[in-house]
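# A look at the structure
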Amino acid sequence: MTGASKALADKVFEPVPDEFLLAGNWKHGAGPATSVIDPSTGSELQRVGHADVADVDAAVSAGAAAAADPAWRGLLPHQRAAYLHRIGAAIEGAAPRLALLQSYNTGKTVTETGALVASAANTFRYFAAVLETSDEELTTPRGPYLTMSVHEPIGVVGAITPWNSPIASDAQKIAPALAAGNAVILKPAEWTPLVSLALARIIDETGLPPGLLSVLPGRGSVIGDAIVGHPGVGKVSFTGGTTTGRTLAHAAAEKLMPVSLELGGKSPTIVLADADVEQAVNGVLYGIFSSSGQSCIAGSRLFVDAAVYDEFMERLVAKTQALRIGPGREPGVQVGPLVHHRHRDSVARYVDLARSEGGRIRCGGTVPDDPRLADGAYYLPTVIDGLSNDARVCQEEIFGPVLVALPFHSEADLIAQANDTVYGLAAGIWTRDYRRAWRLARALHTGTVWINTYKQFSISTPFGGVKQSGLATEKGRTGIRAYSRQKSIYLGMDDAPIAWAEN
Ligand code: NAP
């Protein structure tokens, strides 16, 4: 453990002010309040008052005015980019505090939350760079005119994020949306509003013009719903579960509003017989058990060549049992608690279901017996096999530290099983044979494939799901375009009048 992360682990929780950023002002929520808990102990960290539907109205009006104001709309790209650079630097300046706050609220290890904070800062910097270097297009003319395709802001954009990696998913929406010249209304998840409120304060202090960012805590069914349905909101970018995403898409269809949906997954991780076993075991463990499996891209279905299945599983199970479990702020912890006791119970129900369907629990399958962890939302890293790919635990997203393993007998059998899911977010392949890896990567119906690595991200590489894992992509140079409207302009060059009207 580095000196910096040791210092983090020793710090105590500092509450954030129970106020949210609305149209340039800080307001105490008049709606119901959430009891925000520390999932490593179950104790209340603080309460956060919810915004209400009238606050959504106010945020939309202020956002529309701020986005239309020439002081924002008229900025040249490098001038707008300067705001994003300042935000990136301010996040970096507050990194230890933000990482600790997110670790308290989500249970994740400080190493993980530190990486998420760094990623948030870099996301603002990256989209500043994209903004400054994006060209508008001069299209090939088919007549006596100059034709251009330009990108313009949408106006007010809604951003709805889940609880698993709040600061990174907030930044992935706020940064490109601001870069494209919009105002943003962010609704963080009810369980994890703290780091989003802290981020709002940091952004506000950088001098972003009032109204361009509002952050409204509250329930998805109230605040989220009001944002999606509001006639003044021109686009919603959503990250969350597939069921919620579908509900949002229905509501958006009523308004004919574009939505970007980053949804759930049940990603296959594939171990071929020639894989470097040590690398593959570590990669599979990291892919499923880091963040306690609460990751959309968790490699939650493991396919191992039947020829090496028994040997591989033995090593995997032994290493799983040796993972260090504890509070995310404790030095050396690899697996923290789940985000909430209610979520832990839902994970436990899936393992019970696997048992009742004849699954073999190779390890885990219960809460830890360490009395120190008794009050936290912990669940032991669990490996299950003996089920077929159509079992519910092989098909449904559990979003916890639960890995289901299946043998495969041929490449055709593997591809059929790996693609036999409604999801299409990610996949991993472990092999020394790059030709075979390439063939498999092209055959898998997923948005991302990792070969001999897993769960690695780069802001410059687009990310998104196919099938029921999502619509559209985030990140990459095109990420900014998701928050723009494309307009075509024809500039006439002919001196003669249009002949048709001659008489
Ligand atoms: P969720 O229940 O779908 O909630 C996501 C967000 O939507 C929350 O802020 C939630 O608010 C809000 N919401 C709920 N109902 C809504 C409605 N009717 N209208 C508008 N907003 C509504 O998901 P979650 O349990 O927080 O997160 C876990 C899921 O996110 C998993 O499925 C995971 O795979 C997915 N995820 C996907 C990605 C990706 O990039 N593909 C990344 C991370 C997570 P409340 O929490 O306040 O109800």
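Residues numbered from 1 in each chain as written. Predicted model: local features only at pLDDT ≥ 70, side-chain atom pairs only at ≥ 80, totals over all residues. Heavy atoms only, no water.

### Re the site of the ligand
Surrounding the ligand, one finds 28 residues, the nearest of these being Thr161, Gly241, Thr244, Leu263 and Glu397. At 3.1 Å from an oxygen atom of the ligand is found a side-chain nitrogen or oxygen belonging to Trp163. Here an oxygen atom of the ligand and a backbone polar atom of Glu190 are 3.0 Å apart. For the ligand, whose unbound accessible area comes to 900 Å², protein coverage reaches 83%. Looking at the shell around the ligand, the elements with two or more residues in it are helix H9 (220-229), strand S10 (235-239) and helix H10 (242-255). Among the residues forming the shell around the ligand, the class breakdown is 12 nonpolar, 10 polar and 6 charged. No fewer than three residues from each of domain 1 (16-263 + 465-488) and domain 2 (268-451) sit in the shell around the ligand. (Near = heavy atom within 4 Å. Polar contact = N/O pair within 3.5 Å; in protein donor to acceptor, adjacent residues only side chain to side chain. Areas by Shrake-Rupley, 256 points an atom, 1.4 Å probe, with all protein chains shown as cover. Helix = DSSP H or I, 4+ residues; strand = E, 2+ residues; numbered from the N terminus. Nonpolar A, V, L, I, M, F, W, Y, C, P; charged D, E, K, R; others polar. Domains from an automatic or database assignment.)

### Points about the pairing of strand S6 (residues 145-153)
In terms of strand pairing, strand S5 (residues 137-139) meets S6 through 3 bridges, oriented antiparallel. The residue of S6 that forms the bridge with Thr139 is Thr147. In sequence, S5 turns back onto S6 through a hairpin of 5 residues. Bridge analysis of S6 against strand S22 (residues 484-492) gives 9 bridges, and the strand direction is antiparallel. Looking at the pairing, His151 lines up with Gln486 of S22. (Pairing = 2+ DSSP bridges.)

### Focus on the packing of helix H7 (residues 166-179) against helix H8 (residues 194-205)
For the pair H7 and H8, the least separation of the axes is 9 Å and the interaxial angle reads 45°. Taken together, the axis directions place H7 and H8 in an arrangement best described as oblique. Two packed elements cross with a definite hand, and for H7 against H8 that hand is right-handed. Residues Pro166, Ile167, Asp170 and Ile174 of H7 form the contact with H8, whose participating residues are Val195, Ser196 and Leu199. Looking at the contact of H7 with H8 residue by residue, the classes come out as 5 nonpolar, 1 polar and 1 charged. (Axes fitted to C-alpha atoms, helices over the stretch in contact; angles between N-to-C directions. Parallel < 35°, antiparallel > 145°, perpendicular 65-115°, else oblique. Left-handed = near helix turned anticlockwise from the far one by under 90°. Contact = heavy atoms within 4.5 Å.)

### Re the sheet that holds strand S13 (residues 301-305)
Strand order across the open sheet formed by 7 strands is S14-S15-S16-S13-S12-S18-S19, with mixed pairing between neighbours. The outermost strands of the open sheet, each flanked by one partner alone, are strand S14 (360-363) and strand S19 (448-451). Neighbour-to-neighbour, the strand axes of this sheet turn through a mean angle of 25°, independent of strand direction. With 3 bridges joining them, strand S12 (residues 268-271) and strand S18 (residues 426-430) adopt parallel strand pairing. Within S18, the position partnered with Val271 by the bridge is Trp430. Across the sheet, helix H13 (residues 341-356) is in contact with S14, strand S15 (382-385) and strand S16 (402-408); its angle to S15 comes to roughly 25°. The strands that helix H16 (residues 434-443) touches are S18 and S19; relative to S19, the one it contacts most, it runs at about 165°.

### Quick notes on the sheet that holds strand S8 (residues 183-187)
Reading across from one edge, S9-S8-S7-S10-S11-S21 is the order of the 6 strands in this open sheet, with mixed pairing throughout. What marks the edges here is a single partner per strand, and that holds for strand S9 (213-215) and strand S21 (470-471). Sheet contacts for H9: strand S7 (156-160), S8 and S10; angle to S8, the most-contacted strand, approximately 160°.

### Remarks on helix H5 (residues 95-106)
Side chains of residues three or four places apart in an α-helix project in the same direction, reflecting 3.6 residues per turn. Given a rise of 1.5 Å per residue, 12 residues ought to cover 16 Å, and the 16 Å separating the end C-alpha atoms of H5 matches this to within 8%. With respect to burial, H5 is a largely interior element, 9 of its 12 residues being buried. Listed in full, the buried residues belonging to H5 are Leu98, Ala99, Leu100, Leu101, Gln102, Ser103, Tyr104, Asn105 and Thr106. Just downstream of H5 lies Gly107, where phi reads positive at about 85°. (Expected span 1.5 Å × (residues − 1). Buried < 20%, exposed > 50% of the residue type's maximum accessible area, 1.4 Å probe, protein only.)

### Considering the packing of aromatic side chains
Aromatic ring pairs are defined here through the distance separating the ring centres and the angle between the ring planes. All chains considered together, the criterion is met by 9 aromatic pairs. A ring pair is formed by Phe13 and Tyr104, whose centres lie 5.2 Å apart and whose planes are at 65°; its orientation type is edge-to-face. Of this pair, Phe13 sits in the loop between helix H1 (3-10) and strand S1 (20-22) while Tyr104 sits in helix H5, and the two are 91 residues apart along the sequence. For Phe13, a relative accessible area of 17% translates into the label buried. (Phe/Tyr/Trp six-rings, centres within 6.5 Å; stacked < 30°, edge-to-face > 60°.)

### Digging into the nonpolar core
Core analysis: the biggest nonpolar cluster contains 84 residues, and Ile91, Leu98, Phe124, Leu216 and Val236 have the highest contact counts within it. Top contributing element to this core by residue count: helix H6 (residues 110-133), with 11 residues. Every residue in contact with Leu216, bar those within four places of it in the chain, is listed here: Phe20, Leu21, Leu22, Ala51, Asp55, Val56, Ala59, Ile185, Leu186, Lys187, Pro188 and Ile223. Judged by nonpolar contacts, the second largest core, of 33 residues, contains Ile297, Val308, Leu403 and Trp430. (Core = buried A, V, L, I, M, F, W, Y, C linked by side-chain atoms within 4.5 Å.)

### Section: the side chain of Asn105
When you line up the elements, Asn105 lands in helix H5. Take Asn105: its relative accessible area is 3%, and that puts it in the buried class. From its side chain, Asn105 meets the backbone oxygen of Trp191 in a polar contact 2.9 Å long. In contact with Asn105, other than residues within four places in its own chain, are Val36, Ile37, Pro39, Leu45, Trp191, Thr192, Pro193, Leu194 and Val339.

### Section: the side chain of Lys455
Topologically, Lys455 is positioned in the loop between S19 and strand S20 (466-467). No salt bridge is formed by the buried Lys455, whose closest oppositely charged neighbour, Glu112, lies at an N-O distance of 5.7 Å. A distance of 2.7 Å separates a polar atom in the side chain of Lys455 from a polar atom in the side chain of Ser290. Setting aside chain neighbours within four positions, we find Lys455 in contact with Tyr286, Gly287, Ser290, Ser291, Ser295, Ile297 and Trp450. (Lys, Arg positive; Asp, Glu negative; His and termini not counted. Salt bridge = Lys/Arg side-chain N within 4 Å of Asp/Glu carboxyl O.)

### Quick notes on unusual backbone geometry
One non-glycine residue, Ala23, lies in the positive phi region at around 50°. Position of Ala23 relative to the elements: it lies in the loop between S1 and strand S2 (25-27). Take Ala23: its relative accessible area is 23%, and that puts it in the partly exposed class. Phi is positive for Lys455, close to 55°, though the residue is something other than glycine. For Lys455, a relative accessible area of 11% translates into the label buried.

Function cannot be read off these values alone, since they describe shape.
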